[in-house]
There are 2 protein chains.
Amino acid sequence: MTYCVAMRLSSGLVFASDSRTNAGVDHISTFRKLHVFQQDGDRTLVLQSAGNLATTQSIISLLLHRSKDAERPNLLNAPSLYDAATLVGETVREVIQRDSEAQQSGSTTDFSCNLLLGGQISGEEMRLFHIYPQGNFIEATRDTPYFQIGESKYGKPIIDRVLHYDTPLEQAMQCALISLDSTLRSNLSVGLPLDVMIYPRDSFSHARQYRITEDHPYFSAIRKGWGEGLVSIFTQLPPLQL
Amino acid sequence: MTYCVAMRLSSGLVFASDSRTNAGVDHISTFRKLHVFQQDGDRTLVLQSAGNLATTQSIISLLLHRSKDAERPNLLNAPSLYDAATLVGETVREVIQRDSEAQQSGSTTDFSCNLLLGGQISGEEMRLFHIYPQGNFIEATRDTPYFQIGESKYGKPIIDRVLHYDTPLEQAMQCALISLDSTLRSNLSVGLPLDVMIYPRDSFSHARQYRITEDHPYFSAIRKGWGEGLVSIFTQLPPLQL
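Presented here is an overview of the structure given in this document.

Rules used in this analysis
Residues numbered from 1 in each chain as written. Chains lettered and ligands numbered in written order. Predicted model: local features only at pLDDT ≥ 70, side-chain atom pairs only at ≥ 80, totals over all residues. Heavy atoms only, no water. Helix = DSSP H or I, 4+ residues; strand = E, 2+ residues; numbered from the N terminus. Contact = heavy atoms within 4.5 Å. Buried area = accessible area lost by both parts, 1.4 Å probe. Salt bridge = Lys/Arg side-chain N within 4 Å of Asp/Glu carboxyl O. Polar contact = N/O pair within 3.5 Å; in protein donor to acceptor, adjacent residues only side chain to side chain. Buried < 20%, exposed > 50% of the residue type's maximum accessible area, 1.4 Å probe, protein only. Pairing = 2+ DSSP bridges. Disulfide = S-S within 2.5 Å. Axes fitted to C-alpha atoms, helices over the stretch in contact; angles between N-to-C directions. Core = buried A, V, L, I, M, F, W, Y, C linked by side-chain atoms within 4.5 Å. Least-squares fit on C-alpha atoms with pLDDT ≥ 70 in both. Parallel < 35°, antiparallel > 145°, perpendicular 65-115°, else oblique. Left-handed = near helix turned anticlockwise from the far one by under 90°. Phe/Tyr/Trp six-rings, centres within 6.5 Å; stacked < 30°, edge-to-face > 60°. Expected span 1.5 Å × (residues − 1).

**Quick notes on unusual backbone geometry**
- At the junction of L192 of chain A and P193 of chain A, the peptide bond is cis and its omega measures out at -5 degrees in the coordinates.
- Here P193 of chain A is to be found in the loop between α4 (169-186) and β11 (194-200).
- Here the phi dihedral of D202 of chain B falls at roughly 65 degrees; this positive angle occurs in a residue that is not glycine.

**What about the interface of chain A and chain B?**
- Between chain A and chain B, the residue contacts involve 41 residues of the former and 41 residues of the latter.
- When the buried surface of chain A facing chain B is broken down by residue, R161, F234 and L242 of chain A rank first, second and third, together holding 22% of it.
- Between chain A and chain B we count four salt bridges in total.
- Residue D181 of chain B is joined to R161 of chain A by a salt bridge in which the shortest nitrogen-to-oxygen separation is 3.3 Å.
- Scanning the region where chain A abuts chain B turns up 12 residue pairs in polar contact (both at pLDDT 80 or more).
- For the side of chain A that touches chain B, the elements supplying multiple residues, two or more each, are α3 (156-162), α4, β11, β12 (209-212) and α5 (217-235) of chain A.

**Quick look at the pairing of strand β8 (residues 127-131) of chain A**
Residue and element names in this part refer to chain A.
- Of all five residues in β8, four are buried; the element is thus mostly enclosed.
- Where strand β7 (residues 113-121) lies against β8, five bridges are found, and the strand directions are antiparallel. Pairing of G119 across the sheet is with R127, part of β8.
- Between β7 and β8, which pair antiparallel and follow one another directly, the connecting turn spans five residues, one of which, G123, has a positive phi of 95 degrees.
- From the end of β8 to the start of strand β9 (residues 137-139), which pair antiparallel, there are five residues, and G135 there has a positive phi angle of about 90 degrees.

**Concerning the state of the cysteines**
Residue and element names in this part refer to chain B.
- Counted by the stated rule, this structure contains zero disulfides over all chains.
- C4 supplies the cysteine sulfur nearest to C113, a cysteine that is in no disulfide, at a spacing of 11 Å.
- The thiol of C175 is not disulfide-bonded; the next cysteine sulfur, from C4, is found 15 Å away.
- Owing to a relative accessible area of 1%, C175 belongs among the buried residues under this scheme.

**Side note on the sheet that holds β7 of chain A**
Residue and element names in this part refer to chain A.
- Read across the sheet, five strands follow the order β5-β6-β7-β8-β9 without closing on themselves; strand pairing throughout is antiparallel. Every interior strand has two partners, whereas the edge strands, β5 (34-39) and β9, have only one. Averaged over all pairs of adjacent strands, the angle between their axes in this sheet comes to 20 degrees, without regard to strand direction.
- Where strand β6 (residues 43-51) meets β7, nine bridges bridge the pair, whose relative direction is antiparallel. Note that in β7 the partner of R43 across the bridge is I121.
- Its contacts with the sheet put helix α2 (residues 81-101) on β6, β7, β8 and β9, and the angle it makes with β7 is roughly 155 degrees.

**Examining the nonpolar core**
- With 70 residues, the main nonpolar core has M7, L177 and W226 of chain A together with M7 and L177 of chain B as its most contacted residues.
- For M7 of chain A, the contacting residues outside a window of four places in its chain are G12, L13, V14, L128, P145, Y146, L163, A172, C175 and A176 of chain A.

**Observations regarding the environment of L87 of chain A**
Residue and element names in this part refer to chain A.
- Summarising the element assignment, L87 is placed in helix α2.
- Assessed through its relative accessible area of 15%, L87 is described here as buried.
- As for L87 and G123, which are separated by 36 residues in sequence, their C-alpha atoms are 19 Å apart.
- Each residue touching L87, except ones within four places of it in the same chain, is listed here: P73, N74 and L75.

**Let's talk about the relation of the copies chain A and chain B**
- Note on the copies: chain A fits chain B at an RMSD of 0.0 Å, the axial shift is 0.0 Å, and the rotation between them is 180 degrees. Each copy turns onto its partner about a two-fold axis. Across chain A, the smallest distance between a C-alpha and the rotation axis is recorded for Y154 of chain A, namely 2.4 Å.
- Both copies contact each other with a shared surface, as 100% of the interface residues of chain A are interface residues in chain B too.

**As for the packing of helix α1 (residues 53-66) of chain B against helix α2 (residues 81-101) of chain B**
All names here are of chain B.
- Contact geometry of α1 with α2 gives a least axis separation of 9 Å together with a crossing angle of 130 degrees. Judged on the interaxial angle alone, α2 and α1 are oblique. With respect to the hand of their crossing, α1 and α2 are arranged in right-handed fashion. Of α2, the residues touching α1 (which contributes T55, S58, I59, L62, L63 and R66) are V88, T91, V92, E94, V95, I96, R98 and D99.

**Quick notes on the packing of aromatic side chains**
Residues and elements named next belong to chain B.
- Under the criterion given, the structure shown has six aromatic pairs over all chains.
- Centroid distance Y82 to F129: 6.5 Å. Interplanar angle 75 degrees. Geometry classified as edge-to-face. On the criterion of sequence distance, the pair formed by Y82 in helix α2 and F129 in strand β8 (residues 127-131) is long-range, its members being 47 residues apart.
- You can call Y82 partly exposed: its relative accessible area is 43%.

**Structural notes on α2 of chain A**
Residue and element names in this part refer to chain A.
- Counted at 1.5 Å a residue, the expected span for α2 with its 21 residues is 30 Å, and the 30 Å between its end C-alpha atoms agrees.
- Among all positions in α2, only L81, A84, A85, L87, V88, G89, T91, V92, V95, I96 and D99 are buried.
- The inward-facing, buried residues of α2 contact β6, α1 (53-66), β7, β8 and β9.

**A word on the pattern of salt bridges**
All names here are of chain A.
- Enumeration over the complete set of coordinates arrives at 36 salt bridges over all chains.
- Between D18 and K33 there is a salt bridge; the shortest N-O distance is 2.8 Å. Taken together, the positions of D18 in the loop between β2 (12-17) and β3 (20-23) and K33 in the loop between β4 (27-30) and β5 put the pair 15 residues apart, joining distant regions of the chain. Here the two residues D18 and K33 agree in accessibility, since each one is buried.
- Close ionic contact of E94 with R66 constitutes a salt bridge, the shortest N to O distance being 2.8 Å.

Printed below as a string of structure tokens:
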């Protein structure tokens, strides 16, 4: 499984992904699930993926390969983020259709995947899309400023409690890290290292990308602070009175 | 959907269930999901249910009806909790098989359900079982002192952080209430009122049963205290440093 979260806030975008993939419990590996398509000063697009690893790797490979061919529509020349999401959706359909058609009859492999595409293209506002296995997509709004894909439930309550459209980027990243920590603790199929990125509005820069490993001092500090804080507010609750 | 949690701790048992059922978003109703089979001084058995409502209601009806017939094995004369769990498992198989066989061909209705059975029969220690749709079951242990059924993921992180085998019953109930609150906030298919019960070890009493509605003063107080506490520890986290 996987857990990815992306936020589209007034001052920028925040992305965080784990890196564990598993097929059963025997095949556990680390794969990057956060991919950046960058053209300095013009566009920054971030793609996060969850689902069948063969499908998502094929989609990323095709999108990367095609972005080198300026003659055809690709992520580096798409005129708008809506067009970029359409392009990703078409690639999703292409790969899933190709692999499903080749499937042996009777086999029930799930080839599906979900993707998050966020970023900014010059001349436009920042946008964030959730692209479904069917290739269609929805967009984050002021009311619903974040999307999750993969193993999303464990880490949802904390986001629902603290995240708003106007949350500053640093706080939003703290929230994403805690959301990931809750998921890591409750679900073995989500694992370190994490790939995270902060995109400040109108920066057209992918400079603020970080990889967080087991011994990352800040991640360790907020895991500890959050865990101890939870236990402390729990013990301070008013005594049970039913 | 539904969310039920049950804990088997050194000093007793704790049960908590929501009461919402839904078939799509149009048919939302309130049904009790916590059922007690009681014989003062001899046994207290608590059954919680999640899944197809027709299935779970049938199972409860059959178990209740049969418990009035002392001639045949039932929950009120089962010699041990293991036998009681076996009996419930057989009833699960009976109902699911009956309804599945009558299903029109091509229909894919999911008749399955999950049940939690906890309690104590005199002469035995307290025990807690999770009974699967297949009718087999697993038992809670000192290492894994709690089970959840239904929409369990939102409310799991808090339990994983604060619950231990030796947690006192009152604290364990606080933990269950917070786990339910997190689930209520993040998932519309889980709803108030809640049915909760504390069973102190060797009491053979079902006296500490409570129904918690929207305006329950203690539940409102810990919801507020927990929510404000979370925001306060969040704002006190060390500043982001990646």
